[in-house]
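Residues per chain, in single letters:
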Amino acid sequence: MTHLLQLIEQYGLLLVFANVFLEQLGAPLPAYPTLIITGALAYRGEYSVALLLTTAVGAALVADFAWFLLGRRYGRRVLSTLCRISLSPDSCVRQTETVYTRYGAPSLLIAKFIPGFASVASALAGAIGTSAPIFLIYDGLGAALWAGLGVYLGALFSDGVDNLLNILQELGEGGLLLLCAGFLIFIARKWWQRRRFMATLRMARISVDELHQMFEQGLAPTVVDVRSQLSQRDGRIPGAYPVFMKDLATFALDAATDSEIIVYCACPNEASAAQVAKELMQRGYSKVRPLQGGIDAWVAAGHTIDTN
């Protein structure tokens, strides 16, 4: 444990850069503990506060700009990938789109304080055409606020941080094992939350080919699009009825309770569509199914969309 503390003191800035960079890329490695510890060390005069902040902000900007460029190049495909690999079920693209559509680039000022928002927002900013200078200005300011608060907390509670480090040092290898156990518990908790969330989405799906066949046979099911307003601008499945998640509690669906209803979104695992489908079933609709693969699978299969 003593060796670990010596590494923190000698290579703290490098550790801060690596930790912040990996967290902003989406890895489940919270950087705030590192910022608080190095903030306390900076308060004792072992680091330059300005250099510490520059390191943290620089690491965040490098990672965020990488997602920005990927979003600009690959569009919404990279957003779906982010949502799929994230351990935070609340980081679905739809939720980030809702915030970003409402507030635009200024939402980046608080993005890093919202779990699962920062990397998705960076990719989204690139996908929808936010200019690079505007992105870098707001993202840099947001990173400075986020990192500055961590460093400030370290300075504010420097005595407590020193006491904690002393305790861990006295524990020796036991202290290192304690830190590893805490990290593993954090990862396990996130994984369990996601597993429980995914379990709530288990229900029968309909494939895009089945839905297309229904259209061709003239069965005309009621199709519900629950994507964000921003996403729906790119087009809908013909005849789809738009329902935004913010209106979920109040919207009324003009369809018989025993009619076929298909709900689709653009979220991995049809998360949003399954949530709306369950809401409709609770209202008495008996034949509700999410569209497997959502709008992306529909387009990939070569089926037409309505862009009006």
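Everything discussed here concerns the structure shown above.
My aim in this report is to walk through the structure given alongside it, one point at a time. (Residues numbered from 1 in each chain as written. Predicted model: local features only at pLDDT ≥ 70, side-chain atom pairs only at ≥ 80, totals over all residues. Heavy atoms only, no water.)

## A closer look at the overall build of the protein
Scanning the protein from N- to C-terminus turns up 13 helices and 4 strands. When each of the 308 residues of the protein is scored for burial, the buried share is 42%. Restricting to contacts in the protein with at least 6 residues of sequence separation, those with at least 24 account for 74%. (Helix = DSSP H or I, 4+ residues; strand = E, 2+ residues; numbered from the N terminus. Buried < 20%, exposed > 50% of the residue type's maximum accessible area, 1.4 Å probe, protein only. Contact = heavy atoms within 4.5 Å.)

## What to know about the pattern of salt bridges
Evaluated as defined, the whole model comprises 6 salt bridges. Across the pair Lys 112 and Asp 64 runs a salt bridge, and its minimum N-O distance is 2.5 Å. Remark: Asp 64 occurs in helix α3 (residues 49–74) and Lys 112 occurs in the loop between α5 (93–103) and α6 (118–127); sequence separation between them is 48 residues. Across this residue pair, the class does not change: Lys 112 and Asp 64 are buried. Lys 112 is the salt-bridge partner of Asp 139, the closest N and O atoms lying 3.2 Å from each other. Remark: Lys 112 occurs in the loop between α5 and α6 and Asp 139 occurs in helix α7 (residues 132–156); sequence separation between them is 27 residues. Lys 112 matches Asp 139 in its accessibility class, with the two residues each being buried. One salt-bridge network, in which partners are shared between bridges, spans Asp 64, Lys 112 and Asp 139. (Salt bridge = Lys/Arg side-chain N within 4 Å of Asp/Glu carboxyl O.)

## Side note on the packing of helix α2 (residues 32–43) against α7
Relative orientation of the contacting elements α2 and α7 amounts to 55°, with a least axis distance of 6 Å. The angle between the axes of α2 and α7 places the two elements in the oblique class. For the element pair α2 and α7, the recorded crossing hand is right-handed. Here Tyr 32, Leu 35, Ile 36, Gly 39, Ala 40 and Tyr 43 of α2 lie close against α7, whose contacting residues are Trp 146, Ala 147, Leu 149, Gly 150, Val 151, Leu 153, Gly 154 and Ala 155. Looking at the contact of α2 with α7 residue by residue, the class counts come to 11 nonpolar, 3 polar and no charged. (Axes fitted to C-alpha atoms, helices over the stretch in contact; angles between N-to-C directions. Parallel < 35°, antiparallel > 145°, perpendicular 65-115°, else oblique. Left-handed = near helix turned anticlockwise from the far one by under 90°. Nonpolar A, V, L, I, M, F, W, Y, C, P; charged D, E, K, R; others polar.)

That is the geometry; function is a separate question.
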